[in-house]
Amino acid sequence: MRRGRRPKWMINIGKERIDILFKLADNEFSRHPERSHRYVKLARNISTKYNIKMPLQWKRRFCKNCYKFLKPGQNCKVRLSKGEVHLKCLECGQMMRVPYVKEKKEKRRSKIESYLIQKRANE
C-alpha cells in the first residue's frame, strides 16, 4: 500500500457512501435502531480509512462517546443555552455542546440593516 493521501475519486466515493449510510440510518431509526447504529459505525470506519472529515450535517447526528445515531426527541435531548446547543445522549448520558454564534451574529446584522433601511426611508 502506498503512503499519503488517497486519490480524489476514492475520496469522492467515500463521501458518497458516508452520506448514503447516514440517510439510511435516519430512515431506519424508528423501526430498527440497532441497524442505524451499525450504519453510523460503518460511516465512521469509511471516514477513518480514507482520511475524510465527517460532513458537518452528519457530525452532530451521532454521539461522540458511544457512537450511536442521535434522533432528537427519541434518544437525545436538545436544549439551547447562552449561545450553545446542548445535545444530551440518552444512551450513555454524554453532553455535547455546540456553539451557534454565527447564527446570532447574522440575526443581529439583519436587525441593524432593517433598522437603517427604515431610518433612511423616514428621512
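Residues numbered from 1 in each chain as written. Predicted model: local features only at pLDDT ≥ 70, side-chain atom pairs only at ≥ 80, totals over all residues. Heavy atoms only, no water.

What follows covers the pattern of salt bridges. If you walk through the whole model with that rule in mind, you get five salt bridges. Where Asp 26 meets Lys 71, a salt bridge forms, and the shortest distance between an N and an O atom there is 2.9 Å. Linking Asp 26 in helix H1 (residues 8–28) with Lys 71 in the loop between helix H3 (56–59) and strand E1 (76–81), this pair joins segments that are 45 residues apart in sequence. Overall, Asp 26 belongs to the partly exposed group, its relative accessible area being 23%. Here Lys 71 falls in the partly exposed class, since its relative accessible area comes to 22%. Each member of the salt-bridge network shares a partner with another, and the members are Asp 26, Arg 61 and Lys 71. (Salt bridge = Lys/Arg side-chain N within 4 Å of Asp/Glu carboxyl O. Helix = DSSP H or I, 4+ residues; strand = E, 2+ residues; numbered from the N terminus. Buried < 20%, exposed > 50% of the residue type's maximum accessible area, 1.4 Å probe, protein only.)

A separate point is the packing of aromatic side chains. Under the criterion given, the structure shown has five aromatic pairs. Note on Phe 22 and Trp 58: the rings are 5.2 Å apart at their centroids and 10 degrees apart in plane angle, and the pair reads as stacked. Of the two residues, Phe 22 is situated in helix H1 and Trp 58 in helix H3; the sequence distance between them amounts to 36 residues. Given the relative accessible area of 0%, Phe 22 is considered buried. Taking relative accessible area as the criterion, Trp 58 reaches 9% and is therefore assigned buried. Ring centres 6.0 Å apart and planes at 50 degrees place the aromatic pair Phe 29 and Phe 69 in the tilted group. (Phe/Tyr/Trp six-rings, centres within 6.5 Å; stacked < 30°, edge-to-face > 60°.)

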